[in-house]
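Examining the three-dimensional arrangement
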Amino acid sequence: VLWRAVPASAYSSKTHGFRVASVAENVDNLHAVLRLIWRAQPRASVVLTLSPIPLTATFRGVACVTANAVSKAVLRAAIDE
């Protein structure tokens, strides 16, 4: 499991890629995770939070501050749905 990024020594443009997930994709992913939780624990309470920690790097061709704002907005919108 890579918690930050693929190490430069292991990166291959043929294997690895980058794209920005949409609000709809994030909503679908959240629903899938919640279904798994509730299948295992039907009475589980779930609290969704969004980390205030900013991105420190981006693969996009925009400033990190912009990428961070978009990332947080997309995730916040998905949580709100």
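Refer to the structure printed above.
A brief report on the enclosed structure follows. All values reported here derive from a predicted model rather than from experimental measurement.

One way to put it is that helix α1 (residues 23–40) packs onto helix α2 (residues 64–80) with a least axis distance of 8 Å and a crossing angle of 50 degrees. By the criterion of interaxial angle, the relationship of α1 to α2 is oblique. Judged by the twist between their axes, the crossing of α1 over α2 is right-handed. Residues V23, N26, V27 and L30 of α1 form the contact with α2, whose participating residues are V74, L75, A77, A78 and I79.

Turning our eyes to something else, we now look at the environment of V23. As for its placement among the helices and strands, V23 is situated in helix α1. For the pair formed by V23 and S71, sequence separation is 48 residues and the distance between their alpha carbons is 9.8 Å. Filtering out sequence-adjacent residues up to four positions away, V23 remains in contact with V74, A77, A78 and E81.

A few words now on a nonpolar patch on the surface. Residues V33, I37, W38, V46 and L48 make up a contiguous nonpolar surface patch of about 380 Å² in total accessible area. Of the residues examined, W38 reaches a relative accessible area of 37% and is grouped as partly exposed.

The next subject is the side chain of N68. Inspection of the secondary structure puts N68 in helix α2. A polar atom in the side chain of N68 sits 2.9 Å from the backbone nitrogen of L55. When near neighbours in sequence (up to four residues on either side) are disregarded, N68 contacts I53, P54 and L55.

Rules used in this analysis
Residues numbered from 1 in each chain as written. Predicted model: local features only at pLDDT ≥ 70, side-chain atom pairs only at ≥ 80, totals over all residues. Heavy atoms only, no water. Axes fitted to C-alpha atoms, helices over the stretch in contact; angles between N-to-C directions. Helix = DSSP H or I, 4+ residues; strand = E, 2+ residues; numbered from the N terminus. Parallel < 35°, antiparallel > 145°, perpendicular 65-115°, else oblique. Left-handed = near helix turned anticlockwise from the far one by under 90°. Contact = heavy atoms within 4.5 Å. Patch = residues over 30% accessible without salt bridge, like charges linked within 9 Å, V, L, I, M, F, W, Y side chains within 5 Å. Areas by Shrake-Rupley, 256 points an atom, 1.4 Å probe, with all protein chains shown as cover. Salt bridge = Lys/Arg side-chain N within 4 Å of Asp/Glu carboxyl O. Buried < 20%, exposed > 50% of the residue type's maximum accessible area, 1.4 Å probe, protein only. Polar contact = N/O pair within 3.5 Å; in protein donor to acceptor, adjacent residues only side chain to side chain.

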